[in-house]
Amino acid sequence: MSEGRSLPEAPGFERAHELLERRQQALCNYLAASGDVAGSRIRANLTGWRRWLHRLPGSSIANATGRRDVLLRELAQHGVGADDRRWGVLSGGYIRSRGSSFGLEFTLADLITEYETTDPHWTRQLRVLAALAEQTRPLAALGDRVAVADLTEQLVALTRAAPDEAARGRLADHLPGVLRPLPADIESLRRSDDLVDVVFDVYADTIKLDNITVNPELRGTGLGSAVLQQLCRAADAHHLTVVGQLVPTYRDDDSAVPMLAAWCRKHGFAVNERLGGRISRTPASVSS
């Protein structure tokens, strides 16, 4: 099994590092634009002109505000506000392999388009959530965890209220692993897409986990841990033991297996590195 974590020597490190650099640059651009808006307002007040004149189209305040608002919408493209190595509602970023960004606001926009005729009440709530996410990103980047908790709580509620399993699953991708809903059919957690591959088989009382591999451009974001946490919680709910073997796919040096073993132990697995790296997690295990 391999979670595909990004480490300095790993092939995915450069791309993960680029994601963080783009995230920091996007935030700096937005903060600079916000400063320009404040400066324009101060200068306008000092000139003595009537305030409404400075808000007309083409005025300095209007131009500065427009640029700031554009940059605010671009924060989602780079996952601004997300925690490093901990997957959550603001996680994501631009993925070159898919030619687009993955983020909560983009998923909400797609769901609004798809469900606005069949479930208008739910999609109205999605619009409110999208606006809240946009406003939360710069606050989270500056350390406001209360705003993130509020956004997470509202996303959990709307995920539970989703009209079908497909919509519920797409929203759940933005939640931490401990908050993701548990499906009635555990086999529905198998997946192979441009975010992550999850390969396992279900037997009478056991899940044989073969692999969890995260897109190289999202490694180091905690996505693999979120996926594993949800699978382990589902296994607990169905009283299933999870077993597997340590087979790193993201690096091939001598430290790969010990690093992966430590990651598995963190999630409640017993690891026997002498017996080919066998791992097991009983339903009584507790994820950290």
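Residues numbered from 1 in each chain as written. Predicted model: local features only at pLDDT ≥ 70, side-chain atom pairs only at ≥ 80, totals over all residues. Heavy atoms only, no water.

Novice: Just to check I follow, could you spell out the packing of aromatic side chains for this structure?
Specialist: The final tally for this structure, using the stated rule, is 2 aromatic pairs. A centroid spacing of 6.2 Å and a plane angle of 25° characterise the contact between Trp87 and Phe102, whose relative ring orientation is stacked. Of this pair, Trp87 sits in the loop between helix H2 (60–74) and strand S1 (93–95) while Phe102 sits in strand S2 (residues 100–102), placing them 15 residues apart in sequence. Phe102 carries the same exposure label as Trp87, and that label is buried. Their ring planes at 85° and their centres at 5.6 Å tell us that Tyr115 and Trp122 sit as a pair that is edge-to-face. Both residues of the pair, Tyr115 and Trp122, count as buried. Note that Arg190 overlies the ring of Phe200, its terminal NZ or CZ placed 5.1 Å from the centroid. (Phe/Tyr/Trp six-rings, centres within 6.5 Å; stacked < 30°, edge-to-face > 60°. Helix = DSSP H or I, 4+ residues; strand = E, 2+ residues; numbered from the N terminus. Buried < 20%, exposed > 50% of the residue type's maximum accessible area, 1.4 Å probe, protein only. Lys NZ or Arg CZ within 6 Å of the ring centre and 35° of its normal.)

Novice: For this particular structure, what's the right way to read the nonpolar core?
Specialist: Soluble, globular proteins show a tendency: their nonpolar side chains are buried together. If you look at the biggest cluster of nonpolar residues, it comprises 33 residues, and the most contacted ones within it are Val196, Ile207, Leu223 and Phe269. Of all the secondary-structure elements, those providing two or more residues to this core are strand S4 (196–202), strand S5 (206–214), helix H7 (223–237) and helix H8 (256–266). The greatest single-element share of this core, amounting to 8 residues, is contributed by H7. Setting aside residues up to four positions removed in sequence, Val196 forms contacts with Arg191, Ile212, Thr213, Val214, Leu223 and Val227. Counting residues in each nonpolar core, the second largest holds 23 residues, with Leu129, Ala133, Ala140 and Leu158 among its members. (Core = buried A, V, L, I, M, F, W, Y, C linked by side-chain atoms within 4.5 Å. Contact = heavy atoms within 4.5 Å.)

Novice: Would you take a moment to explain the sheet that holds S4 for this structure?
Specialist: To summarise the sheet geometry, strands pair through backbone hydrogen bonds and adopt either a parallel or an antiparallel arrangement. An order of S3-S4-S5-S6-S8-S7 is seen for the 6 strands of this open sheet, with the pairing classed as mixed. Edge positions in the sheet fall to strand S3 (191–192) and strand S7 (270–272), since each has one partner strand and no second. One ladder, built from 2 bridges, connects S3 with S4; its direction is antiparallel. By the bridge assignment for S4, Arg191 is matched with Val198. Lying on the sheet, H7 is in contact with S4, S5, strand S6 (241–245) and strand S8 (278–281); it crosses S5 at an angle near 165°. (Pairing = 2+ DSSP bridges. Axes fitted to C-alpha atoms, helices over the stretch in contact; angles between N-to-C directions.)

Novice: What am I meant to see in helix H6 (residues 165–172) here?
Specialist: In an α-helix, one turn spans 3.6 residues, which is why side chains three or four residues apart end up on the same side. Listing the buried residues of H6 in full gives Ala167, Arg168, Leu171 and Ala172. For H6, the angular spread of buried residues about the axis comes to 135°, placing them on one side. Buried positions along H6 lie against helix H3 (104–115), helix H4 (120–141) and helix H5 (145–160). (Arc of directions from axis to C-beta.)

Novice: How should I be thinking about the pattern of salt bridges in this particular structure?
Specialist: Pairing between side chains of opposite charge can happen when the charged atoms of each approach one another. According to the stated counting rule, one finds 14 salt bridges in the structure shown. Between Arg168 and Glu165 there is a salt bridge, with its nearest N and O atoms 2.7 Å apart. Placement of both Arg168 and Glu165 in helix H6 is noted, with a separation of 3 residues, approximately one turn of the helix. Given a relative accessible area of 16%, Arg168 falls into the buried group. Of the residues examined, Glu165 reaches a relative accessible area of 54% and is grouped as exposed. (Salt bridge = Lys/Arg side-chain N within 4 Å of Asp/Glu carboxyl O.)

Novice: Before we go on, may I ask you to explain unusual backbone geometry in this structure?
Specialist: Outside of glycine, negative phi angles account for most residues, and trans bonds account for most peptide bonds. In this model, Arg85 sits at a positive phi of 65°, which is unusual for a non-glycine residue. Inspection of the secondary structure puts Arg85 in the loop between H2 and S1. Residue His239 is not a glycine yet carries a positive backbone phi of 60°. Positionally, His239 belongs in the loop between H7 and S6. Assessed through its relative accessible area of 62%, His239 is described here as exposed.

These figures capture arrangement, not role.
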